[in-house]
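Survey of secondary and tertiary structure
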Amino acid sequence: MRFRPSAAKAALSLAIATLIAGCGGSSSNSDPTPAASETGRAFNRVASFFVCNQVGSSCESDDETAAEIVAASTDGMTLIYTNSPGESVGFVDITDPAAPTGLGAIALGGEPTSVAVLGGRALVAVNTSADFVNVSGQLVVIDIASRSVEAVITLAGQPDSVAVSPDGAHAVIAIENERDEDLGDGAPPQAPAGLVQIVDTSGAPAAWTVRDVAMTGLADLYPTDPEPEYVDINADGKAVVTLQENNHLVLIDVASGAVTADFSAGTADLVGVDLTDERPNRVSQTETALGVLREPDGVSWLSTTHFATADEGDLNGGSRGFTIFDTAGNTVFQAGTLLEYESARLGHYPDRRSDAKGNETENAEYAQFGDDKRLLLCSERASLVYVFDVSDPAAPVHLQTLPAALGPEGVLAIPSRGLVIAASEEDSRGDAFRSALNIYQLQDGAPVYPTLRSADRADGSPIPWGALSGLAADPTDANRVYAIDDSFYAGNRIFSIDLGQTPAVLDAEMRITDAAGVLAGLAVPAAADVDAASTFDADDLAAMINADGTVNLDPEGIATASGGGFWIASEGAGTVGEAARPVTSANLILRTDSAGVIQQVIRLPEAVDALQVRFGFEGVAESDGGLVVAFQRAWAGESNPRLGLYDLASATWSFVYYPLDTVESPNGGWVGLSDITPLGNNRFLLVERDNQAGPDARIKRLYRIDLAGVADGATVSKTLVRDLMDDLAVTAGPTPEKIEGLTRTASGEVVIINDNDGVNDNNGETWLIRLGAIAN
């Protein structure tokens, strides 16, 4: 296909049908547009409480924190969350859900694994095991108002989940006694066996009693070593327990402690999924896996007759979705590829997990908001919360998908306040992500997120995307911009995005190819269409050019070319003279035609190439008869990054320098350039950003420069146009690190977008933000 700037939308729609082959599977599982809520309302994230902000902690500390499982006080005003690495349970005041405030934490002397609320008390399951064989645990009873320990009850082993019956008469605890994954092949059976314990909660905690319910001999898989994972209790006093590694489900009458039913969780057939972790990465939802064990983790009752399981998988399985069962063990609904496709459609597909469990559905929560029956499912690897209408358990309707900080583990509904909470456990300050409680509120109107979703390919599967690293505007169509993915993915693509829809729709894709042999020609003495004297060696080119002619570059910038097609800035890899990071590719500017075929390659002068560091080309712009390319950071021996100016008529380079802001983040790091877009008359808008995210982010700014009359080798002056930190507050979540796309549409509107790193150590959020007109 060809992208022709301002071509008719009908032509673009037709082109979608002839896009690159990929992503098979049943079209019945596709979900190009979620159904509108019956009430015209949607959940939106209104705040994120970073656990490092808890009283007694600091987000300027590198100490690891976590929010894994979360519960709420009966009035819905206080959150209680488990912090496993901190061996504590924390409290957060959400009287104003948009302004959560830490209330402090209580040390537990062991690893908290779950929490539930009974009246004015929090019941915290704590693992105090010495090892996988010598297991022990406690149920710590905490008075929520005073935040003090009221009682400690000894448990029979390592607890994993605790639930309180709706009548408040009982608590049920799944004692997993998990296996040692490093012992032998890590598979069961491994003693001791897990079990379920029922705590009768009549009277003061000191008077509570504990009963055991054996789980051995029930499952077909590893019957001597049951590993209860999660528990939920319905209004009839029936508990459902998942035995994840055993791929089994057990129903218990809580009052009597009798097992009333048990059955296999069964298998699922996955058709049209990505099962291979390719390097470089390539999302290819075309594979099939039959008879995959569901191996459910979280479970939630939908009524007294139906429950939903989050089929995360562990040993051998994971259906990459969820299942709804009735109490007879019949499967009434299986999600198929629905969640895998939705994560790909929103740019959240975790391709590095393709050979494991894909989006990895972790937990489930049912709640009724007024008359609306909602099922919430969190995806640990895609960092999403899916919202379904389950008025008919046999036909759930997907309503919306919510973003979450990295690795949501627990999800909680507070219907009385119209709130949903997701607890995201992953935390690593050095890798720019922090654990958080995501707070969502039911509001009138449409969802704020996503801001970008993809259309389906001709086979019914979504166009997968991620790691968008540049933006370019169509010169005449104000509702059309183009984006590009970077080196995280093989077979680099140019994307076409329709801004005329809400959310914006990525409606077409095009591979960049070397069908004309121009890139391959760099292996021989330079031809007339190659502006450099040096060439690549055969190994370099073999890594760059695939057998089908597609290319593996590191596109960081894109601009529409005045003669048609596109300019692509590809960042070089490696630093000259650095053994740990040797140079494996150079910085290139490539011109493609409207079909994505490379027509020209522009190299830097050899003397400049000799200074290369690994922070090279970012944005590129064409204006006033030339190209301007932004270097991200200063190169060897230089104080400031360069702006490379390439005269198209004379095919010559000149360079000026750009003065970066000084580092302001308490976490240090660096400041560099990202994208650049022309304003006309040799004036340009640039993104300047630090390499920090979340609470450590400080510099995300737009500056204007004027290159008219600036001499070769001079340092430009800059004018602050906009501090983007205010605009990024719309996320109500972690501030994204990489604002890497910037363009100005034909109507003068400025648009930015962030790079989500291909959902690798990244929660996957992509925010396409329209800033409106910005004066020249």
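Heads up: the structure comes first, above all this text.
Reference entry: report on the structure contained in this document. (Residues numbered from 1 in each chain as written. Predicted model: local features only at pLDDT ≥ 70, side-chain atom pairs only at ≥ 80, totals over all residues. Heavy atoms only, no water.)

Another point: the sheet that holds strand β3 (residues 78–83). The strand order across the open sheet formed by four strands is β2-β3-β4-β5, and the pairing between neighbours is antiparallel. Single-partner strands in this sheet number two, and they are β2 (70–72) and β5 (101–107). If you compare each strand with its neighbour and ignore which way they point, the axes differ by 20° on average. (Pairing = 2+ DSSP bridges. Helix = DSSP H or I, 4+ residues; strand = E, 2+ residues; numbered from the N terminus. Axes fitted to C-alpha atoms, helices over the stretch in contact; angles between N-to-C directions.)

Within the fold, Asn281 resides in the loop between β18 (267–273) and β19 (287–293). Residue classification places Asn281 among the buried positions, given a relative accessible area of 2%. Among the polar contacts made by the side chain of Asn281, one reaches the main-chain carbonyl oxygen of Phe488 at a distance of 2.8 Å. The residues touching Asn281, leaving out its near neighbours within four places in the chain, are Asp351, Arg352, Phe488, Tyr489 and Ala490. (Buried < 20%, exposed > 50% of the residue type's maximum accessible area, 1.4 Å probe, protein only. Polar contact = N/O pair within 3.5 Å; in protein donor to acceptor, adjacent residues only side chain to side chain. Contact = heavy atoms within 4.5 Å.)

Sheet architecture is open: four strands sit in the order β6-β7-β8-β9, paired in antiparallel fashion. Of all the strands in the sheet, the pair left with one neighbour each is β6 (111–118) and β9 (148–155). Ignoring which end each strand starts from, the neighbouring axes of this sheet average 20° apart. Across seven bridges, the pairing between β6 and strand β7 (residues 121–127) is antiparallel. Bridge pairing links Val115 to Val124 in β7.

Applying the stated criterion across every chain, the model contains 37 salt bridges. A salt bridge links Arg41 to Asp444; the shortest N-O distance between them is 3.1 Å. A residue pair is termed long-range when its members are at least 10 positions apart, and Arg41 in strand β1 (residues 41–50) and Asp444 in strand β30 (residues 436–444) qualify at 403 residues. According to the relative accessible area criterion, Arg41 is partly exposed, its value standing at 33%. Between Glu150 and Arg121 there is a salt bridge, with the nearest N and O atoms lying 2.9 Å from each other. Here Glu150 is found in strand β9, whereas its partner Arg121 is found in strand β7, with 29 residues between them in sequence. Under the relative-accessibility criterion, Glu150 is labelled partly exposed at 36%. On the accessibility criterion, Arg121 (22% relative accessible area) is partly exposed. In the salt-bridge network here, residues are joined through shared partners; they are Asp661, Glu664, Glu688, Arg701 and Lys718. (Salt bridge = Lys/Arg side-chain N within 4 Å of Asp/Glu carboxyl O.)

Another point: the state of the cysteines. Overall, the coordinates contain one disulfide when judged by the stated rule. The disulfide that involves Cys52 links it to Cys59, with 1.9 Å between the sulfurs. Its S-S torsion of about 80° marks the bond between Cys52 and Cys59 as right-handed, since a negative value means left-handed. Of the two residues, Cys52 and Cys59, both sit in the buried class. (Disulfide = S-S within 2.5 Å.)

A few words now on unusual backbone geometry. The omega angle of the peptide bond from Arg279 to Pro280 is -5°, so this bond is cis rather than trans. Within the secondary structure, Pro280 sits in the loop between β18 and β19. The backbone phi angle of Glu360 is positive, close to 60°, even though this residue is not glycine. Residue class for Glu360 comes out buried when judged on its relative accessible area of 3%.

Inspection of the secondary structure puts Asp372 in strand β25 (residues 372–379). When its relative accessible area of 13% is taken as the criterion, Asp372 is described as buried. In terms of polar contacts, Asp372 uses its side chain to reach the side chain of Arg374, at 3.5 Å.

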